[in-house]
Amino acid sequence: MGQVLAVVSGKGGTGKTSLCAAVACCLAKLGQKVLCIDADVGLRNLDISLGMSQEPALPFTAVMSGEYPLSKAAVHPKFEHLHFLTAPVTTQPEDLDAEAFSAMISHAKNDYDWVLIDAPAGVGAGFRLAAANADLAMVVTGGEPAALRDGARTAQALEQVSRAEAKIVVNRIRTGFFKRLRFTVDDCMDTVGLPLLGIVPEDEAVSLSAAAGKPLARSGRKSAYEAVKHITLRLMGRKTALLDL
Ligand SMILES: Nc1ncnc2c1ncn2[C@@H]1O[C@H](COP(=O)(O)OP(=O)(O)O)[C@@H](O)[C@H]1O
Ligand SMILES: [Mg+2]
């Protein structure tokens, strides 16, 4: 039975899509069978971060409605066990059939080791759809106080609609950031009220790889790629140390 991981945050632009794609590729590299679903209805862009923008993609609504089987999900050009369903362009999240979405996810859990759902920003209908069907939730936040407060609100919203085990990922950390703020990752966990899944450095490789239409690749010992690798291993139940930033 596969695990469903929802990638969420209250704010937009925290790095949900980038990290969802990077974790998906890393899981696939480790031999896991992965389905990625872009649930950011209206603002879809997971295809770009996955390096799949040139592939014909099937919207998840076409699978939900029974028009197409799950086996028609787009296949990643580099990782044959990484499959993708895009978001519909014209449908509103409020108009999606929550039961049909859940049924699709249940079916997908039989076929995949991992189902990753890239949620839209905020705690609206799209968030609820992702959260309600998740076993695990990755709350992506920045390290500054305002971002962490937003992370705390997201954690509370998750608790109301989801039974998922939630953890935070603190993204876009610049070298020396915590030292300058006299802040630690423990403070991040305390503020958000969730355990830590990982920290990811600010790394221009994240936007450069998306711009080049390629999955995130290693760009150094303390790169976002390395951080994602640690996060992925932890998701798979392995014990790895935090990246020292
Ligand atoms: N660790 C990182 N280092 C540098 N840029 C990042 C990092 N994570 C995300 N970004 C950039 O931040 C922007 C927003 O990321 P995105 O994944 O689209 O966020 P969201 O899905 O939460 O809206 C993108 O331009 C992306 O390239
Ligand atoms: Mg996004």
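Look up a bit, the structure's there.
Residues numbered from 1 in each chain as written. Chains lettered and ligands numbered in written order. Predicted model: local features only at pLDDT ≥ 70, side-chain atom pairs only at ≥ 80, totals over all residues. Heavy atoms only, no water.

### Observations regarding the packing of aromatic side chains
The following threshold applies: Here a pair means two rings of Phe, Tyr or Trp (six-membered ring of Trp) with centres within 6.5 Å. Their orientation is stacked below 30 degrees between planes, edge-to-face above 60, and tilted elsewhere. Helix and strand definitions here come from DSSP, where helices need a minimum of 4 consecutive H or I residues and strands a minimum of 2 consecutive E residues; each element is numbered from the N-terminal end. Under the scheme applied here, a residue whose accessible area is under 20% of the maximum for its type counts as buried, over 50% as exposed, and between as partly exposed, the area being computed with a 1.4 Å probe on protein chains only. Charge over a ring is defined by NZ of Lys or CZ of Arg lying within 6 Å of the ring centre and within 35 degrees of the ring normal.
On inspection of all chains with the given rule, the structure shows 1 aromatic pair. Relative to Phe101, the ring of Phe60 has its centre 5.4 Å away and its plane inclined at 80°; by these criteria the two rings are edge-to-face. Here Phe60 is found in helix α3 (residues 60-64), whereas its partner Phe101 is found in helix α4 (residues 98-111), with 41 residues between them in sequence. Each member of the pair, Phe60 as well as Phe101, is classed as buried. One residue, Lys33, lies across the ring of Tyr112, its end atom 4.9 Å from the ring centre.

### A short note on the pairing of strand β8 (residues 165-173)
Our working definition: At least two bridges found by DSSP between two strands is the condition for calling them paired. Looking down the strands as they point away from the viewer, one classifies a crossover as right-handed if the path from the first strand across the helix to the second runs clockwise.
The pairing of strand β7 (residues 136-141) with β8 spans 6 bridges and is classified as parallel. Looking at the pairing, Ala137 lines up with Ala166 of β8. Each parallel crossover has a hand, and the one from β7 via helix α6 (residues 145-161) to β8 is right-handed. Both β8 and strand β9 (residues 196-201) contribute to a ladder of 4 bridges, which runs parallel. Across the sheet, Ile168 pairs through a bridge with Leu196, a residue of β9.

### Remarks on the nonpolar core
The test is simple: Residues belong to a common nonpolar core when they are buried Ala, Val, Leu, Ile, Met, Phe, Trp, Tyr or Cys residues joined through side-chain atoms within 4.5 Å.
Grouped together as the largest cluster of nonpolar side chains are 51 residues, with contacts concentrated most on Leu35, Phe60, Leu85, Met104 and Val115. Among the elements that take part in this core, α4 stands out by supplying 5 residues, more than any other. Judged by nonpolar contacts, the second largest core, of 37 residues, contains Leu5, Leu19, Leu46 and Met138.

### Observations concerning helix α5 (residues 125-132)
Operational definition: Only heavy atoms enter the contact rule, under which two residues are in contact if any of them lie within 4.5 Å.
For α5, the buried fraction is high: 6 of the 8 residues fall into the buried class. Three or more residues of α5 are buried, namely Ala125, Gly126, Phe127, Leu129, Ala130 and Ala131. Buried positions along α5 lie against β1 (3-8), α4, β6 (114-118) and α6.

### Examining the state of the cysteines
The condition is simple: Counting rule for disulfides: a pair of cysteine sulfur atoms within 2.5 Å.
Summed over the entire model, instances satisfying the criterion amount to 0 disulfides. Cys36 provides the cysteine sulfur closest to Cys20, a residue in no disulfide bond, and the two sulfurs are 4.5 Å apart.

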